[in-house]
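Notes for the structure review
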Amino acid sequence: MNVEQILEKLKESLGDALLSYEIKEYTMGVRRKRTLYEIWAEIDKSAFRKAVETIFDIDYPHLHFITGEDTGGDVIKMIYSFGVYHGHPWGEISITLKFDLPKSELILPTITDLMIGAETNEREIREMLGVEFEGLKNKRHLFLPDDWPEGKYPWRRDEYGVDDMIKHTHKSVREIRKKGGENA
Amino acid sequence: MPKSAYYIPIGPIHPALKEPIRVEAEIEGEKVVKVDVKRGFAHRGIEYMGMKRNAIQTLYLSERICGICSISHPYAFVITAEKALGIEAPPRAQYIRPIIAELERIHSHLLWLGVIAHEMGFDSLLFWIWKGREKVLDLLELLTGNRINYSVFMIGGVRRDIKESHIKALKDMITYYWELTEKMKEIILSDPVYKARTRGVAQLSKELALKLNVVGPTARAAGLRMDIRQDMPYDAYADIDVRAVVPQDIVGEARGDAYDITMVRIYEIEQSLDIIEYCVDNLPEGKILAIPNYVALLAKIRRTKGEAIGAHEAPRGEVVHYLKFDGRDGPSVWKVIAPSYNNINSWAPLLLGAEVADIPIVVAYIDPCMCCNDRVALLKTPEGRVLGYEYIHRKAVEKTRRIEREVKK
């Protein structure tokens, strides 16, 4: 399958839930130019599981990463990146899914039944952003200490963030000295 | 059942800058019956820090993620940043980068080969291999001024050029390591004791490797032909027909055990020598930075909005970075995935049913970004006995000696 065919399959599978998409092309190489393709798809969150299953139907993928961004508003923008057709020279195609998750309902279905290795990524998102994964069996902390306070998520930029737990982040030494007494 | 723990803390020789880790293993007799992996001991919030700095500062910060493969994160970072910002490095820089990266792969694989030898009790082999590693570190010092943390990559190119005098040193090194890899094949791969000790240990099937999402030599030893330099090539790698090194191409069959992963790493050193030689012989003329003026570079970053994913095949596997720029002079989102992040997933299935004597080999198998050298590790039996790392290591060495005696009969 080439990049257009993959995109057609996603359209066919997701219908209106595929809100927007873009095929990014990058030319690599000096003497021999290669073109690499990436699909970036914005989807409706309700179609997330369907989209992932579609990707697994195309080719058993490699999961590059899962991340999320608290944009400061009412949603967390989730990003899943997969690579299909690894093992094919110059032929891997990256598929990135993006969707908004409302902060009022931070729940996603797990994909660990499809790929057990995704457990690591999901556990990280869970502790860094507060997103719950329905069906995820292992819910222990991945990186944060076991005594980490409940309701605090390092990647959040709202009241659930960790700004009140941080001291001296990227403050200049001069600035710190100026407030000498406050840093005792 | 009381929980027991096999601790792998920071050692003096291997700065565990990414993931010191704790493997809790319960044993019955000589078999592991339960496994739990706990990590996060070195999580320092680097991504969080990086989002509060400008992109050049974050690039230098990314180099501190790992001390052994210190070019891997800057490499992935600059590829990602260049894709997001629409900057292309000059051709000469695109050839210099793989040279540095492959030099790092050589020394990283040699480090691992010494460690795995030590875990089995071959300490003379450890010293011999690490002596051989010095030459590539000397060369990195010659090219960049440092043995690690080279600070040579920059968004839009590299900060140091390769001079004519460097090329002779590179050629000498290539000759030296071709000889060394031949000796290593003879001493390691052809040795019946090493073979008997590693065949069937830490066996990872192709299907399980795929499901665990493992990367790098760990995946390739299992027979998966995945390598970012092959699948999504970048810089001069796109000019070279890099092919994933897999056991079935060497001996006709992939078993995914400790012997196969040793073989993969030795042959990858040879592949690195080929790549370095190609890049040195075909080094284009020209400048090494697209935007030499860093003030202008930061101004361009502020003018550009974009996001991208970039990856580099580090010695341990695929390193992926995601960057988003939205008008600040630094990233607003930075996501880093290191190979051990994925590969540690394989410990639990590999350790289940393993012998105590094989624990160090299983742990070292994936070349994690820390090593269990000369610190006390604890393994608690169900009866409450506490076994130190010395005990576990002694069991590993005893098994080697026993196999050695059997092979020599």
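Note on numbering: residues in each chain are counted from 1, in written sequence order. Here chains are named by letter from A upward and ligands by number from 1 upward, in the order in which they appear as written. This being a predicted model, a pLDDT of at least 70 is required before a residue's local features are given, and a value of 80 or more before pairs of side-chain atoms are given or counted; all residues contribute to the totals for chains, interfaces and linings. Side-chain figures throughout are based on the complete set of non-hydrogen atoms in the structure, without hydrogens or water.

Taking an unreviewed UniProt entry as the reference, chain B is identified by name as Membrane bound hydrogenase, NiFe-hydrogenase large subunit MbhL belonging to Thermococcus paralvinellae.

The name given to chain A in an unreviewed UniProt entry is Membrane bound hydrogenase, NiFe-hydrogenase MbhK, with Thermococcus paralvinellae as the source organism.

This next bit is on the UniProt feature "binding site: Ni(2+)" (unreviewed entry) in chain B. Residues and elements named next belong to chain B. UniProt positions are given in the numbering used here, feature names are shortened, and annotations may be inferred rather than shown by experiment. Residues annotated by UniProt as "binding site: Ni(2+)" (unreviewed entry) correspond here to C66, C69 and C369. Under the scheme used here, helices are H or I runs from DSSP no shorter than 4 residues and strands are E runs no shorter than 2 residues, and both carry numbers assigned from the N terminus. Relative to the helices and strands, C69 resides in the loop between α2 (55–63) and α3 (72–85). Throughout, a contact is declared for two residues whenever any of their heavy atoms are within 4.5 Å. Residues in contact with C69, not counting those within four places in the same chain, are E104, P315 and R316.

Looking now at the UniProt feature "binding site: Mg(2+)" (unreviewed entry) in chain B. The feature "binding site: Mg(2+)" (unreviewed entry), as annotated in UniProt, sits at E47 and V336 of chain B in this numbering. Sequence-wise these annotated residues cover 290 residues; spatially they are packed, their C-alpha atoms never more than 7.3 Å apart. Beyond its immediate chain neighbours, meaning those up to four positions away, E47 of chain B contacts W155 of chain A together with W334, K335 and V336 of chain B. Tracing the chain through its elements places V336 of chain B in strand β8 (residues 333–337). Relative accessible area decides the class of each residue, using a 1.4 Å probe on protein chains only: under 20% of the type maximum gives buried, over 50% gives exposed, and in between gives partly exposed. The exposure class of V336 of chain B is buried, given its relative accessible area of 5%. Setting aside residues up to four positions removed in sequence, V336 of chain B forms contacts with E47, I65, H73, V320 and H321 of chain B.

Below, the discussion takes up the packing of helix α6 (residues 164–189) of chain B against helix α12 (residues 258–281) of chain B. All names here are of chain B. To obtain an axis, a line is fitted to C-alpha atoms, over the contacting stretch when the element is a helix, and the angle between two such axes runs from 0 to 180 degrees between their N-to-C directions. Across the interface, α6 lies against α12 with an axial gap of 10 Å and an inter-helix angle of 160 degrees. By the angle class used here, α6 and α12 are roughly antiparallel. Remark: the crossing between α6 and α12 carries left-handed chirality. With respect to orientation, any angle under 35 degrees is reported as roughly parallel, any angle over 145 as roughly antiparallel, any angle of 65 to 115 as roughly perpendicular, and every other angle as oblique. Note on convention: the crossing is left-handed when the near helix lies turned anticlockwise from the far helix by less than a right angle, right-handed when the turn is clockwise.

Every contact between the two is made by 54 residues of chain A and, on the other side, 56 residues of chain B. When chain A packs against chain B, close to 4,800 Å² is buried across both sides, 54% of that on carbon and sulfur atoms. Any Lys or Arg side-chain nitrogen found within 4 Å of a carboxyl oxygen on Asp or Glu counts as a salt bridge. Viewed at the interface, chain B and chain A are joined by six salt bridges. As a salt-bridge pair, K335 of chain B and E124 of chain A come within 2.8 Å of each other at their nearest N and O atoms. Joining two parts hides part of their accessible area as seen by a 1.4 Å probe, and the buried area is that hidden amount summed over both.

Take the pairing of strand β2 (residues 34–43) of chain A next. Residues and elements named next belong to chain A. Taken across its 10 residues, β2 has seven buried, putting it largely inside the fold. At least two bridges found by DSSP between two strands is the condition for calling them paired. Looking at chain direction, strand β1 (residues 18–28) and β2 are connected through 10 bridges and run antiparallel. Within β2, the position partnered with E25 by the bridge is Y37. In textbook terms, the turn of a hairpin is the stretch between consecutive antiparallel strands, and for β1 and β2 this stretch comprises five residues, one of which, G29, has a positive phi near 100 degrees. Alignment of β2 against strand β5 (residues 93–102), held across five bridges, turns out to be parallel. Bridge pairing links E42 to K98 in β5.

Below, the discussion takes up the sheet that holds β8 of chain B. Residues and elements named next belong to chain B. Read from one edge to the other, the open sheet built from three strands follows the order β6-β7-β8, with strand pairing classed as antiparallel. Sheet topology places β6 (305–314) and β8 at the edges, where each strand pairs with a single neighbour. The average undirected angle you get between the axes of adjacent strands in this sheet is 10 degrees. Against the sheet, α3 makes contact with β6, β7 (317–326) and β8, and its axis sits at roughly 150 degrees relative to β6, the strand it touches most.

Further remarks concern the pattern of salt bridges. Counted under the stated rule, the structure contains 49 salt bridges over all chains. In this structure, the salt-bridge partner of E69 of chain A is R157 of chain A, at a minimum N-O distance of 3.7 Å. With E69 of chain A in strand β3 (residues 62–70) and R157 of chain A in the loop between β7 (132–134) and α4 (173–178), this pair connects stretches of sequence that are 88 residues apart. Of the residues examined, E69 of chain A reaches a relative accessible area of 6% and is grouped as buried. Classification of R157 of chain A by relative accessible area gives partly exposed; the value is 44%. Salt-bridge contacts for D172 of chain B lead to K168 of chain B; the nearest nitrogen and oxygen are separated by 3.0 Å. Linking D172 of chain B with K168 of chain B, this pair stays in helix α6, spanning four residues, or about one helical turn. For K168 of chain B, a relative accessible area of 55% translates into the label exposed.

Residue and element names in this part refer to chain B. Two elements in contact, helix α4 (residues 91–119) and helix α5 (residues 123–144), have axes separated by 8 Å at closest approach and are oriented at 165 degrees. Comparing their axes, α5 and α4 come out roughly antiparallel. Handedness of the α4/α5 crossing: left-handed. Three classes are used: nonpolar for Ala, Val, Leu, Ile, Met, Phe, Trp, Tyr, Cys and Pro, charged for Asp, Glu, Lys and Arg, and polar for all others, with Gly counted as polar. For the contact of α4 with α5, the class distribution of residues is 17 nonpolar, five polar and two charged.

What follows covers the pairing of β7 of chain B. Where a strand is regular, its side chains alternate between the two sheet faces. Residues and elements named next belong to chain B. Most of β7 sits inside the fold, with nine of its 10 residues counted as buried. What sits between β6 and β7 in their antiparallel hairpin is a turn of two residues. Pairing analysis gives five bridges linking β7 to β8, with the strands arranged antiparallel. Bridging across to β8, H321 finds its partner in V336.

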